[in-house]
Protein chains: 2
Amino acid sequence: MARTPRNTLSSELIVRTALELMESRGADAFSLRGVAAELGVGPMALYTYFRNKDELYDAVRDHLMGLLPAVPGDAAWPDQVRAVCRSLRLLMLQHPCLAQLLAGRPLSGHETARVAEGLLGVLRAAGFDAETAARTHTTLFTYVLGSTSWEIQMAAERRDPEAWRRLRATMESLSARDFPSVVELAPELARTTGGDEQFDYGLDLLLAGLQLRTPS
Amino acid sequence: MARTPRNTLSSELIVRTALELMESRGADAFSLRGVAAELGVGPMALYTYFRNKDELYDAVRDHLMGLLPAVPGDAAWPDQVRAVCRSLRLLMLQHPCLAQLLAGRPLSGHETARVAEGLLGVLRAAGFDAETAARTHTTLFTYVLGSTSWEIQMAAERRDPEAWRRLRATMESLSARDFPSVVELAPELARTTGGDEQFDYGLDLLLAGLQLRTPS
DNA sequence: ACCTGAACACCGTTCAAGT
DNA sequence: ACCTGAACACCGTTCAAGT
């Protein structure tokens with residue numbers, strides 16, 4: 001790697017490089033030393049811009065959250081809620097490391113507040129009281145987080161031949177006596193580990209439940 | 001640490017020790033070398049029982065999932081579903097490392113199949129068709145995973161004074177013009193980051209939506 | 001089979017120093 | 001302020017060897 005001249009580093013450049021490495025080599029293989037090597041500087045050069053590895057993680061997460069599109073203003077509130085949830089899921093699918101960044105690190109940046117603001121604004125405008133809006137926001141956010149993380153996890157597993165082989169082997173070793181439903185529904189279970197349809201199914205259940213409590 | 005004599009090691013002992021260390025020192029600080037030191041053996045002794053670190057992770061996860069209580073047989077199906085979801089959440093709260101073990105590693109053991117079996121059995125008995133049962137299972141499972149992981153995350157943050165200070169600082173720095181809803185609902189948001197009530201709120205939304213599709 | 005000990009190729013981070 | 005270089009205290013894992 002070519003040695004970079006002085007004063008060409010910046011937090012933005014480091015964040016961009018970190019993100020690239022997380023996406024090409026996987027979030028688990030990510031390291032500060034790897035970023036430094038990619039930038040052609042010593043590992044300690046990064047400490048001028050970030051106090052430690054966690055701060056860099058937070059910066060990458062906030063950078064990604066900044067890519068979230070705004071809430072569509074011209075729609076009924078259930079469609080607005082759907083749009084916010086779908087765009088968060090889409091962002092996570094496009095940047096799989098985001099799942100780990102959201103689940104593994106406490107929130108601290110303004111950018112996570114933007115999702116909250118979008119969702120809360122829609123719910124308040126729909127007439128829900130403060131407590132219900134807050135509860136609904138947390139429910140929707142954690143649903144998107146959980147279901148999309150799972151989806152990414154399962155997709156990664158399908159790509160890893162060894163893991164996939166093991167999963168198949170375990171499924172086939174389950175006795176139909178002890179696990180009648182799992183054995184019977186194996187094909188359906190395999191089909192519902194992810195995808196737009198599965199995501200929307202759960203989201204629609206939540207929205208249907210929510211619409212029963214509509215204030216107006 | 002006293003040197004352990006030969007043939008006193010076993011996979012069960014290693015799993016138990018690993019679990020203790022994850023719970024006392026935190027799942028992030030967990031290491032194979034730490035387990036070996038605690039057992040008074042060299043790091044390589046563990047490789048007789050587990051091919052690598054991930055296999056030990058899986059064994060710990062399956063051990064924990066084995067602690068799940070059976071589904072109560074004498075209840076209406078929505079109550080049965082509630083019971084399964086609540087007991088999975090409770091297990092995760094009692095063993096916070098389980099959240100990371102479930103999210104971070106592919107499933108492979110029989111023990112994860114037990115949760116699926118319980119839930120699927122209930123849903124099939126209630127009259128749902130194969131596809132709906134599978135979709136509902138995935139939705140419920142990912143909701144429990146996502147909401148409880150988030151709850152654990154937030155609780156950990158509250159205990160860490162530095163992280164807590166930073167979160168407060170960010171919340172207060174949000175302008176009421178750009179983030180009107182977040183600023184207005186800050187107290188409500190703080191109250192809905194976890195707890196039985198918040199969990200049941202989301203679960204009830206899902207169940208309400210589901211009951212609209214009840215077959216009978 | 002069960003376990004040791006040395007070694008390899010990594011980590012994040014501290015500390016003192018240079019420009 | 002910005003960055004280097006050596007060092008510290010760790011990792012997981014391989015490999016050859018001992019019992």
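Just so it is clear, the structure is predicted and the values come from calculations on it, not from any experiment. (Residues numbered from 1 in each chain as written. Chains lettered and ligands numbered in written order. Predicted model: local features only at pLDDT ≥ 70, side-chain atom pairs only at ≥ 80, totals over all residues. Heavy atoms only, no water.)

Q: I tried to follow the overall build of chain A on my own but got confused; where do I start?
A: Regarding its fold elements, chain A presents eleven helices and zero strands. In chain A, the succession of helices and strands from N to C terminus is α-α-α-α-α-α-α-α-α-α-α. Across its three principal axes, chain A shows a C-alpha extent of roughly 60 × 50 × 25 Å. Considering chain A as a whole, with its 216 residues, one finds that 52% of them fall into the buried category. A total of about 10,200 Å² of accessible surface is found on chain A, and carbon and sulfur atoms cover 53% of it. Across chain A, the centroid of the 23 positively charged side chains sits 5 Å from that of the 27 negatively charged ones. (Helix = DSSP H or I, 4+ residues; strand = E, 2+ residues; numbered from the N terminus. Buried < 20%, exposed > 50% of the residue type's maximum accessible area, 1.4 Å probe, protein only. Areas by Shrake-Rupley, 256 points an atom, 1.4 Å probe, with all protein chains shown as cover. Lys, Arg positive; Asp, Glu negative; His and termini not counted. Charge placed at Lys NZ, Arg CZ, Asp CG, Glu CD.)

Q: How should I be thinking about the domain arrangement of chain A in this particular structure?
A: The accessible area lost on association of the parts is a frequent measure of interface size. Residues and elements named next belong to chain A. Partitioning chain A into structural domains gives domain 1 (11-50) and domain 2 (77-211). Each side of the interface is counted separately: domain 1 has five residues, and domain 2 has five residues. A combined buried area of about 370 Å² lies between domain 1 and domain 2, and 65% of that area is made up of carbon and sulfur atoms. Ranking the residues of domain 1 by area buried against domain 2 places M22, E23 and A27 at the top, with a combined share of 78%. Here domain 1 is connected to domain 2 by zero salt bridges. Taken together, the connections running from domain 1 to domain 2 amount to two residue pairs in polar contact (both at pLDDT 80 or more). A class-by-class count of the residues in the side of domain 1 that touches domain 2 yields three nonpolar, no polar and two charged. (Domains from an automatic or database assignment. Contact = heavy atoms within 4.5 Å. Buried area = accessible area lost by both parts, 1.4 Å probe. Salt bridge = Lys/Arg side-chain N within 4 Å of Asp/Glu carboxyl O. Polar contact = N/O pair within 3.5 Å; in protein donor to acceptor, adjacent residues only side chain to side chain. Nonpolar A, V, L, I, M, F, W, Y, C, P; charged D, E, K, R; others polar.)

Q: Help me out: how do you make sense of helix 5 (residues 97-104) of chain A in this one?
A: Side chains three or four residues apart in an α-helix point the same way, a direct result of the helix having 3.6 residues per turn. C97, L98, A99, L101 and L102 of chain A are the residues of helix 5 of chain A that are buried. On its buried face, helix 5 of chain A sits against helix 1 (11-25), helix 3 (53-65), helix 4 (77-94), helix 6 (110-125) and helix 7 (130-159) of chain A together with helix 7 (130-159) of chain B.

Q: Just checking my understanding: could you explain the interface of chain B and chain A for this structure?
A: Across the contact, 67 residues belong to chain B and 67 residues belong to chain A. Of the roughly 5,900 Å² buried at the junction of chain B and chain A (both faces included), carbon and sulfur atoms supply 62%. The largest per-residue losses of area from chain B upon contact with chain A belong to R135, W150 and Y201 of chain B, which jointly make up 13% of the total buried on that side. Run the count over chain B and chain A and you get eight salt bridges. Where D58 of chain A meets R166 of chain B, a salt bridge forms, and the shortest distance between an N and an O atom there is 3.2 Å. Taken together, the links from chain B to chain A amount to 18 residue pairs in polar contact (both at pLDDT 80 or more). Breaking the side of chain B that touches chain A down by element, the ones donating at least two residues are helix 5 (97-104), helix 6 (110-125), helix 7, helix 8 (161-173), helix 9 (180-184), helix 10 (186-191) and helix 11 (196-211) of chain B. It is helix 7 of chain B that provides the largest number of residues to the side of chain B that touches chain A, a total of 20 residues.

Q: When you look at the relation of the copies chain B and chain A in this model, what are you seeing that I'm missing?
A: Copy one and copy two of the chain differ by a rotation about an axis and a translation along that axis. Note on the copies: chain B fits chain A at an RMSD of 0.0 Å, the axial shift is 0.0 Å, and the rotation between them is 180 degrees. Such a turn and shift between the copies fits a two-fold axis. When C-alpha distances to the rotation axis are compared across chain B, the minimum falls at G146 of chain B, with a value of 1.9 Å. Comparing interface residues between copies, 100% of those in chain B also lie at the interface in chain A; the contact surface is shared. (Least-squares fit on C-alpha atoms with pLDDT ≥ 70 in both.)

Q: Would you mind showing me how to read the protein's contact with DNA strand C here?
A: Of all residues adjacent to DNA strand C, which total 19 residues, the nearest are R33, M44 and Y47 of chain A together with G42 and Y49 of chain B. For DNA strand C, the backbone makes up 56% of the atoms found within 4 Å of the protein, where backbone means sugar plus phosphate. Note that a phosphate oxygen of DNA strand C is positioned 2.9 Å from one of the backbone N or O atoms of G42 of chain B. In the environment of DNA strand C, a phosphate oxygen lies 2.8 Å from a nitrogen or oxygen atom belonging to the side chain of Y49 of chain B. Class assignment of the residues belonging to the surface near DNA strand C gives a composition of eight nonpolar, five polar and six charged. (Near = heavy atom within 4 Å.)

Q: What should I look at first to understand the environment of A37 of chain A in this one?
A: All names here are of chain A. In this fold, A37 is placed in helix 2 (residues 32-39). Since its relative accessible area comes to 41%, A37 is described here as partly exposed. Sequence-wise, A37 and D58 are 21 residues apart; in three dimensions their C-alpha atoms are separated by 21 Å.

Q: Explanation requested: the packing of helix 7 of chain B against helix 8 of chain B in the structure shown.
A: When two helices pack together, their arrangement is given by the angle between their axes and by how far apart the axes lie. All names here are of chain B. Look at helix 7 against helix 8: their axes get within 5 Å of each other, and the N-to-C directions meet at 100 degrees. By the angle between their axes, helix 7 is roughly perpendicular relative to helix 8. Taken together, the residues of helix 8 that come into contact with helix 7 (itself represented by E157, R158 and R159) are P161, A163, W164 and L167. Taken together, the residues of the contact of helix 7 with helix 8 sort by class into four nonpolar, no polar and three charged. (Axes fitted to C-alpha atoms, helices over the stretch in contact; angles between N-to-C directions. Parallel < 35°, antiparallel > 145°, perpendicular 65-115°, else oblique.)

Q: Would you mind going over the pattern of salt bridges with me for this structure?
A: When the charged atoms of two side chains lie near each other, side chains of opposite charge can form a pair. Residues and elements named next belong to chain A. Applying the stated criterion across every chain, the model contains 28 salt bridges over all chains. Residues D62 and R61 are paired through a salt bridge, measuring 3.2 Å at the closest nitrogen-oxygen approach. Each member of the pair, D62 as well as R61, is classed as buried.

Q: It is not clear to me how helix 2 of chain A should be interpreted in this structure. Could you clarify?
A: Every buried residue of helix 2 of chain A is accounted for by L32, G34, V35, A36 and L39 of chain A. After helix 2 of chain A finishes, the residue G40 of chain A shows a positive phi value of roughly 75 degrees.

Q: Could you clarify how one ought to interpret the protein's contact with DNA strand D in this entry?
A: If you check the shell around DNA strand D, you find 19 residues, and the closest are G42 and Y49 of chain A together with R33, M44 and Y47 of chain B. In the interface set of DNA strand D, defined as its atoms within 4 Å of the protein, sugar plus phosphate atoms amount to 54%. Backbone polar atom of G42 of chain A to a phosphate oxygen of DNA strand D: 2.9 Å apart, as the coordinates give it. Here L32 of chain B contributes a backbone N or O atom positioned 2.9 Å from a phosphate oxygen of DNA strand D. Here the residues of the surface near DNA strand D sort into eight nonpolar, five polar and six charged.

Q: Just checking my understanding: could you explain the UniProt feature "domain: HTH tetR-type" (unreviewed entry) in chain A for this structure?
A: UniProt's entry tags residues 8-68 of chain A with the feature "domain: HTH tetR-type" (unreviewed entry), counted in the numbering of this structure. Between the C-alpha atoms that bound residues 8-68 of chain A there is a distance of 28 Å. The span itself is 59% helix and 0% strand. (UniProt positions renumbered as here; feature names shortened; annotations may be inferred.)

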